[in-house]
Each structure stands twice: as C-alpha cells, then as structure tokens.
Protein chains: 2
Amino acid sequence: MESKFYNTHHSAFGSYFSFIMGKEGAKGGFVLNDVKSPNNNIYIGYKKKNENLNLMPYFERRERQEDQFVINEVPTSNEKVGTVQVINEESISRELNWASDTFKTGDLEFKLITAFKEVKNPAEMTDNEIKLALLPAIFGEISFDNTSGDEEVLLVFGVEGVGRLLSETTNNELLGGARDRRFGFACRSEDSIEESIGWAVPDYIAKGERSSNKLGTEVALTMKVPAGTKKSFVIALAAYREGCITSGMDASFGYAKYFKNLEEVLEFALEKQDLFFSEAETRDNELLASGLNEYRRFNVSQATHSYYANTELLINNKNEYVWVVNEGEYLMMNTFDLTIDQMFLELKFHPWTVKNNLDLYLSRYSYIDSVKDIHGNNYKGGISFTHDMGIGDMFSPKEYSSYERENISGCFSYMTSEQLLNWILCGSCYGINNDYKWLVNNKEIFVKCLESLKARALNETGIIDTDSLRCKAGTEITTYDSLDISLGQSRNNLYLGVKTWAAYVCLQNVFQKLDMKAQADNSCELSFKVAHEISSKFDEEKGFIPAVFENGNNSAIIPAVEGLIYPFIINDLDAVDENGRFKAFINILTKHTDSILKPGICIDSTSGGWKLSSTSNNTWLSKIFLCQVVIQKVLKMDYKEQWAKWDEIHAEWLTNSCSELCAVDQVYSEDGRARGSRLYPRLVTNILWL
Amino acid sequence: MESKFYNTHHSAFGSYFSFIMGKEGAKGGFVLNDVKSPNNNIYIGYKKKNENLNLMPYFERRERQEDQFVINEVPTSNEKVGTVQVINEESISRELNWASDTFKTGDLEFKLITAFKEVKNPAEMTDNEIKLALLPAIFGEISFDNTSGDEEVLLVFGVEGVGRLLSETTNNELLGGARDRRFGFACRSEDSIEESIGWAVPDYIAKGERSSNKLGTEVALTMKVPAGTKKSFVIALAAYREGCITSGMDASFGYAKYFKNLEEVLEFALEKQDLFFSEAETRDNELLASGLNEYRRFNVSQATHSYYANTELLINNKNEYVWVVNEGEYLMMNTFDLTIDQMFLELKFHPWTVKNNLDLYLSRYSYIDSVKDIHGNNYKGGISFTHDMGIGDMFSPKEYSSYERENISGCFSYMTSEQLLNWILCGSCYGINNDYKWLVNNKEIFVKCLESLKARALNETGIIDTDSLRCKAGTEITTYDSLDISLGQSRNNLYLGVKTWAAYVCLQNVFQKLDMKAQADNSCELSFKVAHEISSKFDEEKGFIPAVFENGNNSAIIPAVEGLIYPFIINDLDAVDENGRFKAFINILTKHTDSILKPGICIDSTSGGWKLSSTSNNTWLSKIFLCQVVIQKVLKMDYKEQWAKWDEIHAEWLTNSCSELCAVDQVYSEDGRARGSRLYPRLVTNILWL
C-alpha cells in the first residue's frame, strides 16, 4: 500500500466503542457510543538511557495547559536534559490485516489486536461464553528488540483523553489510565512498568521523570526492556457503560450484565488475552491465504474494522438481545438498506444478528400502507418496513424511522418499496441458508410480502410503478438517496427492477422450501415478467439499459446488476447462469455491464475508479465492491489485470483521500475525496470477495 | 446594568446540569456533568400571520447540514414566503434576579426560573420532600401580550443539541425535545402547541411549516396566542442520568433513586411548577428588598447561579448522600479552599452540606504529616486535609487530592497548612452556629487540629513557618496559587497569618462551648501571640503590613483582612471590634486597609477595580467580595459613594469582560478580562452582603 497514515477503528463485537489510530498528528483515541475521532494524542515510543524520547508521529504539540495556572513554578532537582523527538515518518511501516494493525520502526513494534470470530446467539451461550463473546475490549502489544542493546530501553504507551490511574482502583493489580467509568487501557502490574499522568506527559518521560499531575488528561505507561532482551507488553483497551442507554425502547449494553465495571473488563481481558490473540491470528491468516491481492486485503480489513466499530449489542427490558449496527457518522440505527449489505458478513460470522434485525423490523418497524399512481389515484398497498429504527441511541416510535419524511421527492423521502425488497431478500437469504424453522414461522409474512410487492406494480410487467401514500405529495426513493435521479427514484427504476426480480426469485425458492406451490408458481411467473420487462428496455444502440424507464432517462448505472447477488447467495445458480432459465436477461445485463465499464461512462476519466452512475460523480465504495463481486463471480466477466488496477485505485481512496475519516463510503469519483457516509459499516460488502 | 448580553447558568440544586443562556449568538444550551457551554442555538420569538419569524439574537446561522445529503430535493406545495428576522438587540431588556432571568422585547417575554431555598438534609426528609428538593429541573416561561392584536400570534421556543420528540415517549402528554436520556425540555400538551424537529427549524416555522426531520438536532415548540389575549406557556428544562457516574468512590445522582427517567422528572416538574415559581419569587423579592444597589444585586445573582450550576448531590454504595461542589472549568471536586468560601451560602440555605464535606474530609481525605523548616530539618506535624477530593467525577484515592504534587514551590504544590485552617474554620462556623452535637462528636478532632496547627509554627509567635514533608523538595502554597509570591507562599504569610489568628479565635470559642478549658486557654494565648506578631510587622512608613515576612517582601495585599470574617460569623464580635480584646491588631488592619485601597496600590489605576495584591494584575472577584464584606461590615470602614462605583466596575467585569464564560473569578485587574477560574462557584462569597 502506498499510504500508511490513515485512521482505522479498532473495536470489539457489539460494544460500540473504538480506539482510533493511524493518521499522523493528534487524530486518534477512544470514542464510546459514537465513531468520530476525539482527535487525541497517542504516544508510542522508546527512550534509551541518556538519549531523547523517540515517539511515533501520532501526536501533536498542544499549547501548554500549565501556563494558565503557573507563574512561579520553580523547576526542581532533576537536571537530566531530554526532549521529545518525532520518529521519522519514512522509517515507519504499517500493516493492516483483518484482525490486527501493526506499526513498526527499527526495533520498536506496536500492534493492535481486534479479534473477531463466529459468535453464537448469546441467548444460547453459557455465561462464560457470553463474557468472551461480548467483552468490550481489544488489545495492544508493544515490543522492543533490545537483544543487541547494552543499555536498558524504556518503552512508552500513552493516550490523551483519560484522567485517572487504574492502579488506584485495582489495588495496584492493573496499571493504566481511564476516563471516569467509561474507557481506559491497562496492563498487568509488574515491577518494570510505571504509570504517568498529566499534561504533556512525554516531556517528563523524556527528562527521565514521572509525571503525577492528576489534573492532566494524558496517561502513559513506561515499560523497561533490559539490555540483551526482546520484550513485549500486552495492553488491554476497553470501554464500559452501565444502565439504560437508549430512549424509545429502553436497553443497556449486553455486556453490562456480565461485567461490573471497566476494571472487571480489563482484568478479564488480560486474563484471557491468549484466546483473543489466537483468534486474531486465525483471521489474519485466513485473509492472507485468501489469494486476494494486497489492495483487496486492505479494503476488506479496513471495512471489517469499520463495521465492528458500528456494532452495538443491547439487552432490552424484556431481557431480549437487540442487535444494532449504527450508520457511521449519521448514527442511524439498523438502517435497513445497510443491513442488507452487511448481511453477507453477518451470515458468515453471526447469522442470528440478521434474524434479530428481521424480527425487530417485523414486530416494531413494519407498517401497512396504500399506494398511489403517478396521477395520484390510490390503491391497496401492503406490508413494508421503515428505513431505520432511530438515531443516536434514540429508538424511533413504532412503525416510523428517523429518516423518512412526507412531501419530498428526493433525499429523506420514504423507501417503502426498497425496504420491502430488503426484508424479502434478507429473510430469504437467512431463512434458506441458516434457519428453516424461522422460515416456517414466518410463512404468513412472506405471503404478505409477496402480496405487498405485487400491489406496488399496477402494470402487467411486475416493475414497481407506484409510490407509498406515506409520501403524500412526494415520491419514493432508493438507498441511493444522494446520487442523481438515475439511482434515486424508486418508480420504474432499473436498479430496483433487478432487485424486484431477485426478490421474486428468492420468494419462489422460499415458497418451494415451504411447499407452498401456488405462491412459488406466482413468484416464478413474476420473476419472468420482470426479467422480460427489464430486458426489453435494453437500448441496442447505446449498449445499455437506461437507469429509469421514464422521461427519456439516459444514465448508465453499474448497480443494474446488484440484485443478481441474492439468487447467488441462496445458491439458485441457475437463475444467474448465462445458460439458465433467465439466459436472455443475464446476457443482457452482461452486455450492459461491458458497455458501461468504460472511461467516460462508468469509469471515471480522471481517476480510473468506478462511477456507479454515468451522470454522477458521487460514487459509493460499498456498492462498487458488491457489484464487483457480481460482475466477477456471478457474471464471471474477466477484466484480467484491470481488476488489480481498479482495486489499487479504490484502496487509494480509502487511504490517502479519506485518511482522517477511517472508512468512507461516499466519495467523489474523480479523486476519492470523502463526500459523505464517513466511518461507515456498509463497506463490508467486500467480504464477498472471500 | 450597562450590559445585557452575558451568559448565565440556570441550574437546579445538586443536579450538576445547566441551561446556559444570555450571550448573543450560538452560545447557550444544555450541559450535563460539566459547566461549559455547548455553544448551541436557542430560539425564542414570535410570528404574526403573513409576517416573518422574529427571534431574539441567541442563535446564529449554521452551514446548512442538509446540503451534504440533498442534491435533488424539490420544494413542495407550501408557497407562503417567510424568513427569520433577528430582533434588534437594542430593543431587548434583561433582568437577572436571584432566582430568575427575564428577557423582554415588545410584547414578548421569556423568563427562566431557577428556584432555590432552604434544603434540609435529605436523610431527614420524606420521599415527596426529597423529590421536590432534588428535582433536576428548572423552568422557562414564554409569554406574549396579544390583547391589542387582531391576529393570532405564534410563539417559538427551541433549542439545539437535542434529537427526539417527547410526545413519542409520553403518549403525547408532554411536548418538547430531548437528547437521548440525558436532558430535554417540555411543556404539557395542549391543542395550541406543536413540536418541530430538524436542522434550521426556524426556517420552516418562518414559512408557516412544521419541520419533522428526525435526523436534526433542533427541537422547537410553537404555541398559539389568540388575538385579544395574553398567554403564557411554562416549559420545564431538565436533565437525568442514572447508574453509577463516579470512579474511586462509586456513586450515582441522588435524584436517580426517586425518578425513573427524564420524562418522569419533566412530568413531576410541570405538576409542581407553582411551588417552584413561588419559591423563586420569594428569593427575588428578598434580594430586591435587601437594599443592595443594582450592581451588588447583579453580582449576587450571577454568583448564586454559578454556584448551583456546580453542585452535585450523590448517593454512594452505602446509601450515604455525598455533597460535591465542582470547581468550574477545572472540575475538581469539593476543593477545600472553595468550600470555605461557599460555606457562607451553605450555612444559610443547607448547612448539612458543610457538615457532609467536613465529615468526608475527615474520613477519607485527612492525613498525618511531618513538617520541615527552611533548612530541611524534620519535625512532628499533625492532621491535615487534602486540597480536593478528585476531578471530573473521579474521586481521588484516600488521603490524596488530584491537585497537590511534590517537589514544587508554586502552583500545584501542597496546601497542607491552609487546608488545616479551612477545616478548623469551617468546622467552627458550622458547629458553633448550627450543630452542637457535631462539635461534641468531633472534640478529639478539634484537639488534633489545634496540636497540628501549633506544630506548624516552630517559632514562639504562632506564625506558620514550616512546610509539610509531603512537599519533599518543594514548599507549601496557599489558595492564591496563581497570584504572585505575595499571596502564594504559605510560610510567614500575612494572609495565612490572619487566618491562623482566626483559627485560634474560633478554636477558643469551640473549646469554650465544649467546656475544654485548657485547650480554650491555649488557643486564646496563641491568638494573642499571632495578633501581636502580625501587628509588629506593620511598616509605619509605608502604612501597611508586607505580604510575606521574608526576604524583604514589599507587596500590599487586601486579603490581609480576609480572616476577620470567621470570628464575625461565629458572633465573637469582640474579637473584631476596634475596642475589643484585639484592639491594636484590628486598628492596624484598618490602617493597613486604608493605606492600600488607593490607585496604584490595590486599586487598579486603569480600571479603578480592586487588586488583591499590589504586585499582581491577577485579581479574584470572590475574594474581593469577601474582603469588601470584612472592610464594610466587620471593620465598618466607610468609603461612601465609592462603594457603588467599585460595585459597578466589578459588575462590569462579570458582564462585558466575561460575557461568554458566565461567572469568572480570576480576571485581569486592568480591564476584567477572564484569566482563569471560569464558570466558578466561589463567587458566592457575596451572599454575605445580604
């Protein structure tokens, strides 16, 4: 990778906290119940005897906070001189892997470990399994190779944004720093380790002193590495929040039932550290063995880190676990059009979280609407689902999202049709692949979904041509809310058309499994109608299907193929086979793709990266990754060495262009600058590369 | 008052939250477990039919947050035009009173009500009394006089920094906005009131629309005032935090045991609003009837608001109430050299909080030290107390403050002698005036304090001439830590000398009450020695006593007289009488004062305001107020019309110069600019004017 100074979230499953690190300067630190960096200093370095303190460049000089107090402080006894030196950026190497992030320079190494793994439904675990699965902690490991040294070396690990020493509340069993009860870091106490607290703590350490200013908000650990040895120190980094933390539906963190406070979390983490290190190594090795090129390995790693940073496992008042994935900078909860993209990772590692979301959408965030045609005539609608479940730990009222509003025809309007498709598709993938019993229990819901989907096409083609009456004077949109009309309008929309086709294919499969022949046949019939209708829109001259079947729209869009992923996931490979039952349709979509993956159309002429729509320079990496999987694995289109070039460009966007903002989804296609959707979980569609 | 645009905290007893308002621009809003303004918008205004929306200037235009999402939002049906107009600053009047803050313009009035009163020890109250006393809520009242109007008027009250509608969680019984579970505002639901939520909510209201964008962080209420009527609407503003919120000693908010959540607090507040309005009116009337000039009334009001903003009543794991006053921007808890200054208010309204602090200092934050002379020889010391109990809701370990550090001779060194004096003086005032039983229970402690105080003077004069060994290579300081040496050094210090005298006078009174004749006589003897020694330092030529009896110090300091307040408080008026037993001493301190209250010495030549030290331009309003009381009420010195001129200058410092920072203690004497100690509780020494 060309760039090494970019921020990454380091987080634990469902604990909605991150330790952010990677961008040079004061850009990192702990964040809890959010994903935005606090822009704090991180101190990682070493000091040899009679030399200066060398720190990696993850900090900046602050205005001296002491100056506002002190007019007459007399420097005391210690006469050693020593200053803080910033380690040359060039000398630093970094390797982000799936579950680790390693920073090296010379004999110094610092590694962050964020183990993740298959997690069973906690409702089916023992208490000890739950503690291991929900532990709100990650790890750091700082090492120095002093085997050829003839003097003791002092290692330093410190963080700004804390304010108390952990020795004080653990009877000196842990050493480290914490911010009140909320977050902190600690290692197991040993003689060679000391705590410092204060403002500008490195200034003291550089002079060989120990800072003990408890008004300060920086805590550092110093650790001795004797001459002739190599030594590593493991540091747990954790967060904790007790009590009810949500409104609308009262809930607390799942882990809070099993750990009393931050200290207990840190102690448990350090006790079980080996398990976490070994799990992380397993993940890292899996990714290295995947055969993916370095850019894809990076993209997968950065996306997975960002996904877990947004996860929040709650327990509500009825003692039910509630799974929440928060929407990056926007803070919306379980945004359904993200859930469907994150499903691919969840089905692999913890499919019960998909079920958890689907069930809550059904019980609390479903509604029955009517629909209208473009002339404003009203018709029967059916069941659908909200866009999200709330924002910023505030659950929205039953049947309503925080996002959707009436009387709008663009961003912030209703996504009724798309969310109906999302429930059908997520439900089908989860039910068919993972949980037949759940399918059986929900058979009536699938019937209702089928009826609702049919009700949204007043024409004979199966293509949705209505808008929910909830829109009032407005019209429905799709998840591509901030792109141009080519992807934004839901009515007569190519992207949503293919997703509608996929929903009918999936419903056919569901009903077949459930031995519901009439509904299966009906779904099958509609899948053909939709495929036929979409195919008929192919413009031979231009070589592609226009994005919207209205008003002479002429945009070319890559996500035309997005919907093909779902038959593939439920293993109905015939549906997506170039010689299968939708042969003509699949061939047309292949032609469509081949025509538009060209500079000036859906390849940006400046950057060479992918543009989702030929008529918008707003492009979304999560959807690029997803469509790449469809094009490469489902349609089996071979762009040879071009793939790695594209991968490099997209990896570059996630590093250089968006270096401060961790993973960013919405970027400008000409240079990859962040446009929106910062700190986003959705990018994890790229798990499908594996 | 010349200025009306300054911030003030509006807070409830012990709930450590504030609604900040008063400075023009976006400078106010809710803050919880801190006192710093979040710099949010506050919307207060009205709209007449077919006219623009008129808002008071407590907001600013933000960059449009919608712009990052929207590229194609089509404005819908509503064709009314309307914009937001800022009401002319000149037309606004403001009156801050002891328990209210009233903003008026034309027919519009907005009033914030922060009732406070005598509060009994909650351990001795019924549950209902506790709920009334600890309720974490204040009130706003918005009124419009539309009696001569012939069209309905729409009133607006809105706040930035919230994110959900209270109708949603209260079955429409309350209308208002909240930030998750933490804080919010609400009024009782009625037909004429509507909620709006969004970004830039006034833009919608100005157009006659209702904003319903739940991604936004502004909530406003609109309230209809029919033609020909005058109408008021009461809004409760509240905060809530459950669970353990401290570290070091686990504790939660006292009110959290009695209220389940924010909604319950708001409902209870609105149910009992009349009680609070009437209490506030009583306080306001008391202050108006006090005979104080308008500047003093302002200074008292601003100080009292800032004091309550810093109060935090906790319950610990042993079900004991723990009273905490936080130290403004510094966040230190129960800083003892502030406790003694805030005692005057607490003894009047809730003396049990003084006892609560004294007891916790004794049980957890006392220690036994040794002392050293200037040559470094060690001697027996005795009991003393720490500077504070922790910082930012993090209780420090037993026997240690967060502030004090070794090997320092200026700011951040130990205050062992001064804190010993503080416990003696607070304990004497509380015990003698309020609680004989407590005196009896603590008689051994008073003996230990006497012994410890005696041990700190190795000479025959009683003047402290040692430093605690806890300082190591450093030396002790006084509360005047950031002034120059004239007030900063504790050894041989005039200010501390007079405080030592006061401590012996108080101890004599305590021991007399306890029938402990030997100790009373001993204290009496020492009080004369100290008075004699201090008197002997009077420099006839200069007309004052130099601040430090060392190294030819030549500073003139006003707080020479500070200690005289304590004999006055315990009603030993003879001790401070010009013809009493310390006649010579009192006359010398009067002469001292008269000599230095002159421009160029302790009156700033530029501003005309008071300088605590002739050799520092750092001056502290809390101590100015306290010394004014001593000089005016105890020494009965008559500066005639000069008093009001000084009062006006000091009020001006608290308004213009420190307008954004609410109450500021440390200012530059030349112009009153804030220097430190922002948002401070200590200013409430001026309660003694009453």
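All values reported here derive from a predicted model rather than from experimental measurement.

Thresholds, definitions, all that
- Residues numbered from 1 in each chain as written.
- Chains lettered and ligands numbered in written order.
- Predicted model: local features only at pLDDT ≥ 70, side-chain atom pairs only at ≥ 80, totals over all residues.
- Heavy atoms only, no water.
- Contact = heavy atoms within 4.5 Å.
- Buried area = accessible area lost by both parts, 1.4 Å probe.
- Salt bridge = Lys/Arg side-chain N within 4 Å of Asp/Glu carboxyl O.
- Pairing = 2+ DSSP bridges.
- Helix = DSSP H or I, 4+ residues; strand = E, 2+ residues; numbered from the N terminus.
- Axes fitted to C-alpha atoms, helices over the stretch in contact; angles between N-to-C directions.
- Parallel < 35°, antiparallel > 145°, perpendicular 65-115°, else oblique.
- Nonpolar A, V, L, I, M, F, W, Y, C, P; charged D, E, K, R; others polar.
- Least-squares fit on C-alpha atoms with pLDDT ≥ 70 in both.
- Expected span 1.5 Å × (residues − 1).
- Buried < 20%, exposed > 50% of the residue type's maximum accessible area, 1.4 Å probe, protein only.

(A) Fine view of the interface of chain B and chain A. The interface is formed by 53 residues belonging to chain B together with 54 residues belonging to chain A. When the two sides are added together, the surface that chain B and chain A hide from each other amounts to roughly 4,600 Å², 57% of it contributed by carbon and sulfur. The tally of links from chain B across to chain A stands at two salt bridges. Here Arg181(A) makes a salt bridge to Asp250(B), at a shortest N to O gap of 2.9 Å.

(B) Region of interest: the sheet that holds strand β16 (residues 218–225) of chain A. Residues and elements named next belong to chain A. If you walk across this open sheet you meet the six strands as β6-β5-β4-β11-β16-β15, and the pairing is mixed. Only two strands of the sheet have a single partner each, and these edge strands are β6 (84–86) and β15 (193–198). Taken pair by pair, the neighbouring strands of this sheet meet at an average axis angle of 25°, ignoring direction. Taken together, the three bridges between strand β4 (residues 42–48) and strand β5 (residues 53–55) define a ladder with antiparallel strand orientation. Paired with Lys47 across the two strands is Leu53, which belongs to β5.

(C) Layout of the packing of helix α6 (residues 336–349) of chain B against helix α7 (residues 352–363) of chain B. All names here are of chain B. Put simply, α6 and α7 touch, their axes get as near as 9 Å, and they point 155° apart. For the element pair α6 / α7, the angle class is roughly antiparallel. In contact with Phe336, Thr339, Met343, Glu346 and Leu347 of α6, α7 contributes Thr353, Val354, Asn357, Leu358 and Tyr361. In terms of residue class, the contact of α6 with α7 is made up of six nonpolar, three polar and one charged.

(D) Focus on the relation of the copies chain B and chain A. Taken as rigid bodies, chain B and chain A are interconverted by a rotation of 180° and an axial shift of 0.0 Å, the fit giving an RMSD of 0.0 Å. The symmetry that links the two subunits is that of a two-fold axis. When each C-alpha of chain B is compared by its distance to the rotation axis, Gly243(B) comes out closest, at 2.8 Å. The fraction of interface residues of chain B whose copies in chain A are also interface residues reaches 98%, indicating that both copies meet through the same surface.

(E) Spotlight on helix α8 (residues 416–434) of chain A. Compared with an ideal rise of 1.5 Å per residue, which puts 19 residues at 27 Å, α8(A) spans 26 Å between its outermost C-alpha atoms and is within 8% of the ideal. With 17 of its 19 residues buried, α8(A) lies for the most part within the structure.

(F) Structural context of the sheet that holds strand β26 (residues 618–620) of chain B. All names here are of chain B. If you walk across this open sheet you meet the three strands as β26-β27-β28, and the pairing is antiparallel. Edge positions in the sheet fall to β26 and β28 (674–678), since each of these pairs with one other strand and no more. On average, each strand axis in the sheet is tilted by 20° relative to the strand beside it, whichever way the strands run. The sheet strands contacting helix α16 (residues 621–634) are β26 and β27 (664–668), and the helix crosses β26 at an angle near 60°.

(G) Looking closely at the environment of Gly462(B). Residues and elements named next belong to chain B. Inspection of the secondary structure assignment puts Gly462 in the loop between α10 (443–455) and β25 (467–468). Take Gly462: its relative accessible area is 4%, and that puts it in the buried class. For the pair Gly462 and Val684, spaced 222 residues apart in sequence, the C-alpha separation works out to 31 Å. Those residues within four positions of Gly462 in sequence are excluded, and the remaining contacts are Ala457, Thr500, Tyr504, Leu526 and Val530.

(H) Region of interest: the pattern of salt bridges. Taken as a whole, this structure holds 77 salt bridges over all chains when the rule is applied. Between Arg581(B) and Asp572(B) there is a salt bridge, with its nearest N and O atoms 2.7 Å apart. Using a relative accessible area of 27% as the deciding quantity, one classes Arg581(B) as partly exposed. Residue class for Asp572(B) comes out buried when judged on its relative accessible area of 9%. One network of salt bridges, in which partners are shared, links Asp341(A), Glu562(A), Lys623(A) and Arg682(A).

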